[in-house]
Each structure stands twice: as C-alpha cells, then as structure tokens.
Amino acid sequence: LAEVLEYEQDLPSETPDAHVMKLMVNTGLAVDAVASLKPRVSGVGLYRTEVPFMITERFPGEQEQTRLYRDQLESFAPLPVVMRTLDIGGDKDLPYFPIEEANPFLGWRGIRVTLDHPEVLMVQLRAMLRASHGLDNLQILLPMITNIEEVDSALRLIDRAQAELEEDGMLIERPKIGVMIEVPATLFQLGALAGRVDFFSVGSNDLTQYLLAVDRNNPRVAELYDPCHPGVLSALARLADETAALAVPTSVCGELAGDPAGALLLMGMGFDTLSMNAPSLPRVRAAIRRVSLPAARELVQETLTLSTPSAVRAHLNARLGEWQ
Ligand code: PEP
Ligand code: MG
C-alpha cells in the first residue's frame, strides 16, 4: 500500500471523472522539510507564522521575519503561500508573552491580540510584504475574525504597511487577503466579509470546537469533539453553497481536510481546495483518485440524513471500505 501511495503522489489529485482538486500543504517550521512537495501541491494553504515565534526568546525582529517569510515564498514561488498573521492565545503560548486566562479559547487570541498590539502586527506585515517583493505569491490570512470592524482595522494596517514600504522606495503589489472562517458568527456574515476580502479559509478545528462548545484539547470531553457531528457537517455544507453563490474562493485548512473521508465529504459539498499537513497528502490524494464527484456528492447527501456522529462515522467507514 505504501508503495502505491508513493507512486500516486506524482499523479494529479483528480477524480476518475476528471474533477481536479487543489491540494495544498500546511507549514510551520522548517520549510526545507516540505519544499520538496512543490511539484505535488498547489502551494501553501496555511503557514502558521506563530510556530517559528514559539521557539525564539523574544518577538523576532523585522529582518529576521523577512528572512523566514522569504524562505517560504521562494521555496514555493510562483505557487501561492497563504501566510496567517500571528495566531497566539488559546493553546498557543509564547514563553516571552504569557497570556493567562480562565477561558483561553474564548479569550484573547488571534487577531484580538494583534489588533491590541498593532506594533507587533505592523512588524509582521511589513516583513511579509518585504519578503514578497519581486515574487508576488504572498497571500495574507487573518485568524479568529469575529467582527467586521476587525477586518477593516486589519486592512487599514496592511495598507499602512504597504505605504511605509513605498516611502522606502519598495513598490509591492497588494497581496490577496483572506479571513479564517472559524468563529461561528462569521457563518452568518459571509456577505459582509465577501465585500472586503479576496478569499476565505475554513478553520474546521476551531469551527468544530466553537460550534460544539467543546475545548479541542480537553481530554475529558475529547469524545464530544467531532467534526463529523451532523451539526458541523451541515454548517460546512451550507458554507460551501453560500461561498459558491458569493463566488469567494474558499479552502479548508483544518484537520478535516487531511482525513480521507473528511476530504471526500468536503469535495462532495463543493470545496475544491484543501490544505493539510504533509503526511496527510498521500492518503487524501489516493481517496480523491478513487471516488467520482457524483459519488462524493451522494455521500454528502446520505451523510446529511444521519443524526449522530457515530452513525456518520459508521456510514463513512462502510463507504470508504467499498471504495478501497
Ligand atoms: C483551524 O482552526 O482549523 C486552523 C486551521 O487553525 P489552527 O488549528 O492553527 O487553530
Ligand atoms: Mg484556528
């Protein structure tokens, strides 16, 4: 099996009926480890910039960040690299910037932190833009967006960063800008968001956690945390329909996209771009190459009639078994 999977890695991520899925890779640390994947992916769908920040002793400076980001962008150019602005808080702590709260996942995290510390965000934005000079494959993604004002504030800061570089004589094309769909309220503000940004990226990990009100890292309630909960799946299916109607390119970058059954469901719902950790790519590609788009759509329809996560899991396993 391992050999078949390996062999298939150089084949397109295309269904038997020629529906092409874009597979992208999630990155964090050393880009060298994943740079070899360039011929096999459509780019980096999520670069978690907080990861390199977690191993330094202080906030990395603008030059240091520029080097890090340049590495990512160069390794994948001309393919797009979606860089997410710092997403700390929740479970991701920086030793030199401790955040102590009773409910960290409902607290100060993601864009909430960086809008309260625009000096930190501005360094990061300037470094991203500087790094993209001449490559133009940067896309910027905003995490934990809850309110439209947050998007507007972040867009103003991106404009300011671009203007500052221009004053320095560095002309940079404005990157595409997107927001993470991971706070449930954003599901109901897609129109307003679509008017402001170029793309959406669905953070199915946080979206699941917040839709189900289950801490994604708490072992006591781990059994309740399940992206195959019918409520989560129907939210995702509606999201796929609505973003298609709005014509906003939308990818999924949470763990669900890296699970073969999850990837097939997402494909059947209408998502055509999935971003995942490198080790998940072979199995997801293999699943896509074995299941036609109509079959995946049917799988979604069947699944949406089921009323419990365990019924959904059982059904997915049965179907996947038939397709192997
Ligand atoms: C997510 O929430 O699904 C996501 C991709 O972001 P992170 O896992 O880094 O919170
Ligand atoms: Mg998230």
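Model, not experiment: these values are computed from the prediction. (Residues numbered from 1 in each chain as written. Chains lettered and ligands numbered in written order. Predicted model: local features only at pLDDT ≥ 70, side-chain atom pairs only at ≥ 80, totals over all residues.)

## Some points on the overall build of the chain
Now for step 1: Summing up its helical and strand segments, the chain has 14 helices and eight strands in all.
Now for step 2: Taken over C-alpha atoms, the radius of gyration comes to 20 Å for the chain, in line with the 20 Å a tight globule of 324 residues would show.
Now for step 3: Dimensions of the chain, computed from the C-alpha atoms along their principal axes, are close to 60 × 45 × 35 Å.
Now for step 4: When burial is assessed residue by residue, the chain has 40% of its 324 residues classed as buried.
Now for step 5: By sequence separation, contacts in the chain at least 24 residues apart represent 69% of the contacts at least 6 residues apart. (Helix = DSSP H or I, 4+ residues; strand = E, 2+ residues; numbered from the N terminus. Rg over C-alpha atoms; globule rule 2.2 N^0.38 Å. Buried ≥ 20, exposed ≤ 12 C-beta atoms within 10 Å, placed from the backbone. Contact = placed C-beta atoms within 7 Å.)

## Structural notes on the confidence of the model for the chain
Now for step 1: Considering every residue of the chain, the mean pLDDT works out to 96; 100% of them sit at 70 or more.
Now for step 2: Summarising per-element confidence for the chain, the mean pLDDT is lowest in helix α1 (residues 2-8) (79) and highest in strand β4 (residues 138-142) (99).
Now for step 3: Across the interface, the model reports ipTM at 0.99; the global pTM reads 0.97. (pLDDT = per-residue confidence, 0-100.)

## Observations concerning the nonpolar core
Now for step 1: Grouped together as the largest cluster of nonpolar side chains are 74 residues, with contacts concentrated most on M83, M128, A263, L264, L266 and L274.
Now for step 2: Dropping the residues within four chain positions of it, M83 is found in contact with Y47, T49, Y69, M128, L138, I140 and L141. (Core = buried A, V, L, I, M, F, W, Y, C linked by C-beta atoms within 7 Å.)

## As for the packing of helix α11 (residues 260-269) against helix α13 (residues 293-303)
Now for step 1: Interaxial distance between α11 and α13 falls to 7 Å at its minimum, and their mutual angle equals 100°. If you check the angle between α11 and α13, you find them roughly perpendicular. From α11, L264, L265, M267, G268 and M269 reach across to α13, where they touch L293, A296, R297, L299, V300 and T303.
Now for step 2: Its residues placed into classes, the contact of α11 with α13 shows eight nonpolar, two polar and one charged. (Axes fitted to C-alpha atoms, helices over the stretch in contact; angles between N-to-C directions. Parallel < 35°, antiparallel > 145°, perpendicular 65-115°, else oblique. Nonpolar A, V, L, I, M, F, W, Y, C, P; charged D, E, K, R; others polar.)

## Let's talk about the pairing of strand β2 (residues 44-48)
Looking along a regular strand, one sees side chains alternate from face to face of the sheet.
Now for step 1: Counted residue by residue, β2 has five buried out of five residues, so it is predominantly covered.
Now for step 2: Bridge count for strand β1 (residues 22-27) against β2 is three bridges, and the pairing is parallel. Residue pairing for β2: V25 is matched across the bridge by V44.
Now for step 3: Bridging between β2 and strand β3 (residues 81-84) involves three bridges; their strand directions are parallel. Counterpart to R48 in the pairing with β3 is R84. (Pairing = 2+ DSSP bridges.)

## A closer look at the environment of H133
Now for step 1: Mapped onto the elements, H133 comes out in the loop between α6 (118-131) and β4.
Now for step 2: Between the C-alpha atom of H133 and that of L106, which follows or precedes it by 27 residues, the distance is 36 Å.
Now for step 3: Ignoring any residue separated from it by four or fewer positions in sequence, one finds H133 in contact with M170 and I172.

## What to know about the site of ligand 1
Now for step 1: What surrounds ligand 1 is the set L46, R48, D87, E182, G203, S204, N205, D206, C253 and G254.
Now for step 2: Contributing elements (two or more residues each) for the shell around ligand 1: β2 and α9 (204-212).
Now for step 3: Top contributing element to the shell around ligand 1 by residue count: α9, with three residues.
Now for step 4: For the shell around ligand 1, the class distribution of residues is two nonpolar, four polar and four charged. (Near = placed C-beta within 6 Å.)

## Comments concerning the sheet that holds β4
Now for step 1: Read around the barrel, eight strands follow the order β1-β2-β3-β4-β5-β6-β7-β8 and close on themselves; strand pairing throughout is parallel. Adjacent strand axes in the sheet meet at a mean angle of 30° when their direction is disregarded.
Now for step 2: In this sheet, strand β7 (residues 250-252) lies alongside strand β6 (residues 199-202) in parallel orientation, the contact comprising three bridges. Its bridge partner being in β7, F200 is matched across the sheet by T250.

## Description of the pairing of strand β5 (residues 176-181)
Now for step 1: As defined by bridge partners, β4 adjoins β5 across four bridges and the pair is classed as parallel. Paired with I140 across the two strands is I177, which belongs to β5.
Now for step 2: With helix α7 (residues 148-167) bridging β4 and its parallel neighbour β5, the resulting β-α-β unit is right-handed.
Now for step 3: Relative to β6, β5 runs parallel, the two being bridged by four bridges. Within β6, the position partnered with I181 by the bridge is V202. (Right-handed = clockwise from strand over helix to strand, strands pointing away.)

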